[in-house]
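Each chain is listed here by its residues.
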Amino acid sequence: MREYIPLLMLMGFIVFNAIVMVALSQILSTRRRTAVKGAPYESGMPALGGTRARFSVKFYLVAMLFIVFDIEMVFMIPWAVEFRQLGLFGLVEMGIFILILGVGLVYLWKRGALEWD
Amino acid sequence: MPVAIDLSAPGGVALALLPEILLTVWACVLLLLAAWQHRDPDAHRRIGGLALVGLVAALVVMVWFWKSGTRPAGLPLMIALDTFRYAGAIVFLIGAILTVLLSLRYLGRERIAVPEYYALLLFAVIGMLLMGGAADLIVLFLGLETMSLAVYVLAGIKRRSGTSAEAALKYFLLGAFASGFLLYGIALIYGATGTTNLTVIAFQLSDGGLQDSALLSIGVALLLVGFGFKVAAVPFHMWVPDVYDGAPTPISGFMAAAVKAAGFAALIRIMVTALGESTAVWQGAVWWLAVITMLIGNLIALAQRRLKRMLAYSSIGHAGYLLVAVTSGTPAGASAFLFYALVYTLMTIGAFGLLAALGRDGESEVLIDDLSGLAAGRPWISFAMAVFMLSLLGFPGTAGFIGKWYILSAAIGTGQWLLAVILVLGSVVSAGYYLPVIMNMYMREPVERRPDLSASVDLVGAARGVVATAVVLLILLGVWPNRVLDLAVDGSRDLRAPALVTGTSP
């Protein structure tokens with residue numbers, strides 16, 4: 001355990017340093033509140049309205065569709081890397097996988113999940 | 001003639017998975033049909049009939065596998081080919097077929113004309129088949145997720161109902177959390193044994209040195225948390241009343257019967273095949289789970305006035321009885337589970353089917369008192385309800401009694417006397433809520449039916465056939481169970497890890 005003592009000391013110093021810095025800035029600083037300082041951003045466009053605006057549920061639907069095909073990529077990249085070793089068997093397996101995903105896509109399309117309105 | 005399937009070749013695996021592949025293809029076809037016909041108000045009935053065809057085909061293949069004695073050539077790596085898989089699958093498929101038959105008219109009546117309902121039901125069944133037949137923890141998890149995701153949607157399929165949406169959200173959030181526990185448990189077991197194959201885990205454990213492994217103990221504990229949630233064991237039961245209450249009634253029956261049976265089938269396979277020789281790791285924990293599940297499930301059910309919630313709590317109590325079968329950790333316990341699962345499927349789906357006929361709008365408002373004097377007007381319906389209640393109670397002469405008897409004898413076979421006594425006490429308590437249903441129907445004056453309930457009891461069409469079949473089978477199995485019991489014993493024949501324990505590492 002002896003070799004960990006410098007590490008412990010370092011951690012103690014970091015904590016001490018952090019506390020001292022925050023404390024000093026609290027004690028020594030002068031505070032002057034202005035409207036500009038209270039704004040969320042000091043540069044760029046002035047903020048419009050509240051932050052709790054409601055989003056259409058359609059955005060979530062698009063995000064969900066995106067995740068499905070995102071995950072498809074996650075499965076396809078290892079397959080592509082090992083393509084030669086997996087051979088015909090791997091090709092058929094991946095074909096089945098994409099076919100099942102395709103069924104899902106056709107279903108979504110036909111049910112109108114891809115229409116915005 | 002026995003058929004040996006070589007599971008090392010892709011063709012062999014495809015043959016071993018034939019029922020699952022059949023159902024997957026069929027479910028995709030139904031999904032596409034649903035997409036093309038969703039404007040047609042009668043589409044759901046047509047697609048329901050087609051779903052029935054797929055389920056029966058899978059059932060036929062499973063029976064054929066069992067009859068021809070299909071077994072693996074060599075060690076099953078991913079999917080098991082043993083009688084336990086076939087027997088479990090037959091129970092799930094029967095549960096699903098009964099649910100589809102109950103739903104055919106129910107969906108139209110409750111205005112849930114969503115043809116995807118049946119495709120989702122098929123996907124849930126595929127997950128169950130994989131859970132019951134998994135020879136590897138990863139396949140098991142895959143099956144569990146396939147089943148759960150489909151059932152989350154089914155619980156909330158009545159989109160316009162607030163309680164249905166609440167049920168789905170509650171089930172989804174807690175279920176996803178429980179799946180996390182299960183997966184972490186699998187990871188730790190893999191860390192302890194270096195494998196996810198159930199048979200190889202058994203071999204690693206019998207090789208010695210791992211019995212006291214903290215990694216293994218924590219892994220098994222996390223696994224039990226995950227399964228405890230899926231099978232609704234106390235203290236992981238909080239979701240059950242609200243979810244069963246909010247879901248459409250045929251789906252409540254499906255969750256109580258088939259989903260629970262699938263969870264137990266997977267749990268029993270892990271406990272007997274992989275951990276059957278190292279009972280010290282898990283038996284104590286499952287013992288306590290069984291005791292508190294039986295006591296708390298039955299005691300809270302006593303306080304319920306609504307029929308649907310009463311059935312939900314009673315299903316928790318029954319999870320406790322099935323946990324007793326798990327606690328024995330022997331093939332005898334597995335046989336008792338198989339028989340009880342079949343009987344429980346019949347009586348639960350029958351009872352929920354009758355409930356669906358008695359009420360309206362999700363049926364959660366039907367009080368037990370509303371059944372007063374039902375026997376005077378509807379003697380046959382009252383008789384069917386009485387049979388289901390007596391069988392759930394475990395009354396001699398019904399199949400529920402024989403099922404409980406075999407669970408008791410499995411518990412006593414491993415010297416679990418105290419557990420057997422608590423099971424009997426739990427059954428005595430359960431009489432306090434099953435018998436009032438019968439008393440209300442037969443010994444009270446008829447009451448004016450409340451206007452929000454249906455004017456007449458609406459048991460017609462296929463649902464009538466389901467209830468009648470369940471009643472006949474429950475009485476038949478109560479007086480003449482031998483044939484099915486033999487099958488249940490045969491169903492757990494190969495469950496213990498095979499004799500590779502004798503020799504070299506695989």
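Reading the values: rules and limits
- Residues numbered from 1 in each chain as written.
- Chains lettered and ligands numbered in written order.
- Predicted model: local features only at pLDDT ≥ 70, side-chain atom pairs only at ≥ 80, totals over all residues.
- Helix = DSSP H or I, 4+ residues; strand = E, 2+ residues; numbered from the N terminus.
- Rg over C-alpha atoms; globule rule 2.2 N^0.38 Å.
- Buried ≥ 20, exposed ≤ 12 C-beta atoms within 10 Å, placed from the backbone.
- Contact = placed C-beta atoms within 7 Å.
- Domains from an automatic or database assignment.
- Nonpolar A, V, L, I, M, F, W, Y, C, P; charged D, E, K, R; others polar.
- Expected span 1.5 Å × (residues − 1).
- Core = buried A, V, L, I, M, F, W, Y, C linked by C-beta atoms within 7 Å.
- Axes fitted to C-alpha atoms, helices over the stretch in contact; angles between N-to-C directions.
- Parallel < 35°, antiparallel > 145°, perpendicular 65-115°, else oblique.
- pLDDT = per-residue confidence, 0-100.

**Student:** Describe the overall build of chain B, and please don't skip the residues or the numbers.
**Tutor:** Helix and strand counts for chain B come out as 20 helices and two strands. Relative to a compact globule of 506 residues, whose C-alpha radius of gyration would be 23 Å, chain B shows 22 Å and is just as compact. In terms of overall dimensions, chain B has C-alpha extents of about 75 × 55 × 45 Å along its principal axes. Across the 506 residues that make up chain B, the buried fraction comes to 58%. Within chain B, contacts between residues at least 6 apart in sequence are counted, and of these 82% link residues at least 24 apart.

**Student:** Got a sec to walk through the overall build of chain A? Specific residues and values, please.
**Tutor:** Within chain A, the secondary structure is distributed over four helices and zero strands. Written out in order from the N terminus, the α and β elements of chain A read α-α-α-α. At 28 Å, chain A has a C-alpha radius of gyration far larger than the 13 Å of a compact globule built from 117 residues. Projecting the C-alpha coordinates of chain A onto the three principal axes gives extents of approximately 70 × 55 × 20 Å.

**Student:** So, unusual backbone geometry: which residues are in play, and what are the values?
**Tutor:** For residues other than glycine, phi is negative in most cases, and the peptide bonds are mostly trans. Residues and elements named next belong to chain B. Geometrically, the link from Val234 to Pro235 is a cis peptide bond, its omega value of 5° lying close to zero. By the secondary structure assignment, Pro235 is in the loop between helix 9 (214-230) and helix 10 (240-246). Notably, Arg111 is not glycine yet its phi reads approximately 55°, a positive angle. For Ala232, which is not glycine, the phi dihedral falls at a positive 65°. Among the secondary structure elements, Ala232 is positioned in the loop between helix 9 and helix 10.

**Student:** Hey, could you go over the domain arrangement of chain A for me, with residue numbers and the actual values?
**Tutor:** For chain A, the domain assignment lists domain 1 (2-38) and domain 2 (57-111). If you average the C-alpha positions of domain 1 of chain A and of domain 2 of chain A, the two centres end up 50 Å apart.

**Student:** Can you explain the interface of chain B and chain A? Please cite residues and give values.
**Tutor:** Between chain B and chain A, the contact holds seven residues from the first and seven residues from the second. With five residues, the single largest contributor to the side of chain B that touches chain A is helix 2 (residues 18-37) of chain B. Residue composition of the side of chain B that touches chain A, by class: six nonpolar, one polar and no charged.

**Student:** I'd love a proper account of helix 1 (residues 5-28) of chain A, names of residues and values included.
**Tutor:** Over its 24 residues, helix 1 of chain A extends 34 Å from the first C-alpha to the last, a length consistent with the 34 Å expected when each residue adds 1.5 Å. Within helix 1 of chain A, only zero of the 24 residues are buried, which leaves the element largely exposed.

**Student:** Lay out the environment of Gly320 of chain B in plain terms, naming residues and giving numbers.
**Tutor:** Residues and elements named next belong to chain B. If you trace the backbone, Gly320 turns up in helix 13 (residues 307-328). Here Gly320 falls in the buried class, since 26 other C-beta atoms lie within 10 Å of it. The spacing of Gly320 and Gly297 is 23 residues in sequence and 7.9 Å in space, taken between C-alpha atoms. The contact partners of Gly320, leaving out residues within four places of it in the chain, are Ala290, Thr293, Met294, Gly297 and Gly426.

**Student:** Hey, could you go over the nonpolar core for me, with residue numbers and the actual values?
**Tutor:** Formed by 197 residues in total, the largest nonpolar core has its most connected members in Phe92, Leu121, Leu122, Val125 and Ile407 of chain B. With 21 residues, helix 14 (residues 331-358) of chain B is the single largest residue contributor to this core.

**Student:** Summarise the packing of helix 13 of chain B against helix 14 of chain B; cite the residues concerned and give the values.
**Tutor:** Residues and elements named next belong to chain B. At a closest axis distance of 9 Å, the pairing of helix 13 and helix 14 adopts a crossing angle of 175°. It follows from the interaxial angle that helix 13 and helix 14 lie roughly antiparallel. Residues Leu307, Lys308, Leu311, Ser315, His318, Leu322, Ala325, Val326 and Ser328 of helix 13 form the contact with helix 14, whose participating residues are Ala332, Gly333, Ala336, Phe337, Tyr340, Tyr344, Thr348, Ala351, Phe352 and Leu355. Its residues placed into classes, the contact of helix 13 with helix 14 shows 13 nonpolar, five polar and one charged.

**Student:** Explain helix 9 of chain B residue by residue, including any values.
**Tutor:** Residue and element names in this part refer to chain B. Compared with an ideal rise of 1.5 Å per residue, which puts 17 residues at 24 Å, helix 9 spans 25 Å between its outermost C-alpha atoms and is within 8% of the ideal. The buried fraction of helix 9 is high, at twelve of 17 residues. All of the buried residues in helix 9 are Leu216, Gly219, Val220, Leu222, Leu223, Leu224, Val225, Gly226, Phe227, Gly228, Phe229 and Lys230. Residues of helix 9 that are buried in the fold lie against helix 6 (137-155), helix 7 (162-193), helix 11 (249-274) and helix 12 (283-302). Ala232 sits one or two positions beyond helix 9 and adopts a positive phi of about 65°.

**Student:** Describe the packing of helix 11 of chain B against helix 14 of chain B, with residues and values.
**Tutor:** The relative placement of two packed helices is expressed as an angle between their axes plus a distance between the axes. All names here are of chain B. Two elements in contact, helix 11 and helix 14, have axes whose closest approach is 8 Å; the angle formed by their N-to-C orientations is 170°. Between helix 11 and helix 14, the angle is such that the two are roughly antiparallel. Of helix 14, the residues touching helix 11 (which contributes Thr249, Pro250, Ser252, Gly253, Ala256, Ala257, Ala258, Ala261, Phe264, Ile268 and Val272) are Pro331, Ala334, Phe337, Ala341, Tyr344, Thr345, Thr348, Ile349, Phe352, Gly353, Leu355 and Ala356.

**Student:** Report on the confidence of the model for chain B, specifying residues and quantitative values.
**Tutor:** Per-residue pLDDT for chain B has a mean of 90; in total, 95% of the residues score no lower than 70. With pTM at 0.89, the complex prediction returns an ipTM value of 0.82.

**Student:** Outline the environment of Pro72 of chain B, supporting the account with residue identities and numerical values.
**Tutor:** Residue and element names in this part refer to chain B. Structurally, Pro72 is set in strand 2 (residues 71-73). Residue class for Pro72 comes out buried when judged on the 21 C-beta atoms lying within 10 Å of it. For the pair Pro72 and Leu390, spaced 318 residues apart in sequence, the C-alpha separation works out to 41 Å. Ignoring sequence-local partners within four residues, the contact set of Pro72 consists of Ile5, Leu7 and Leu81.

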